[in-house]
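Close look at the chain arrangement
One letter stands for each residue in the lines below.
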Amino acid sequence: MDKLNVFFKSVIEQDKCPVVICNLEHEIIYMNPAAVQRYKRRGGAKLLGASLLNCHKEKSQDLIKKVVEWFGESREHNMIYTFRNKKENKDVYMVALRDENKELIGYYEKHEYRDVETAELYDFQ
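Here the structure is a predicted model, which means the values were calculated and not measured. (Residues numbered from 1 in each chain as written. Predicted model: local features only at pLDDT ≥ 70, side-chain atom pairs only at ≥ 80, totals over all residues. Heavy atoms only, no water.)

Observations concerning the packing of aromatic side chains
Inspection of every chain in the model, using the stated rule, returns two aromatic pairs. Centroid distance Trp 70 to Phe 71: 5.8 Å. Interplanar angle 45°. Geometry classified as tilted. Take Trp 70: its relative accessible area is 27%, and that puts it in the partly exposed class. Seen in terms of ring centroids, Tyr 81 and Tyr 93 are 5.4 Å apart; in terms of plane orientation they differ by 50°. Their pairing is tilted. Of the two residues, Tyr 81 is situated in strand S3 (residues 79–85) and Tyr 93 in strand S4 (residues 90–98); the sequence distance between them amounts to twelve residues. (Phe/Tyr/Trp six-rings, centres within 6.5 Å; stacked < 30°, edge-to-face > 60°. Buried < 20%, exposed > 50% of the residue type's maximum accessible area, 1.4 Å probe, protein only. Helix = DSSP H or I, 4+ residues; strand = E, 2+ residues; numbered from the N terminus.)

This is how it looks when you write it as structure tokens:
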């Protein structure tokens, strides 16, 4: 792994939000620690290599496939709003992953929590 990739991986690993990365065959190829913890009841890290589609009902499977197809239609199609979770006060998006030539190589789900931060500024404790 080159030096820059080490930095990118560290960013994702430190994120409090779950990050699950899939290839175009919908196989889960990476889960950050927050995702492993969040999906612990469903197998956690054992989900690596499994199909993301198996974790969803038929309607959601169809929507995931439709979004990936949409990502493939244009290099400009890179993010789509998919879900509002009122209980957790977050919005969820699917995000296209592209290589250096802007070719679609996979996707991930992005969680954006809307709660105001409760930590004190620069609290070094």
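What to know about the pairing of strand S1 (residues 20–23)
Residue alternation in S1 divides its side chains into two sets, Val 20 and Cys 22 and Ile 21 and Asn 23, and both sets are buried. Relative to strand S2 (residues 28–31), S1 runs antiparallel, the two sharing three bridges. Looking at the pairing, Cys 22 lines up with Ile 28 of S2. Following S1, the chain reverses through four residues before pairing antiparallel with S2; His 26 in that reversal takes a positive phi of roughly 70°. As paired strands, S1 and strand S5 (residues 104–113) are joined by three bridges and run antiparallel to one another. Each bridged residue has a counterpart across the sheet, and for Asn 23 the counterpart in S5 is Gly 106. (Pairing = 2+ DSSP bridges.)

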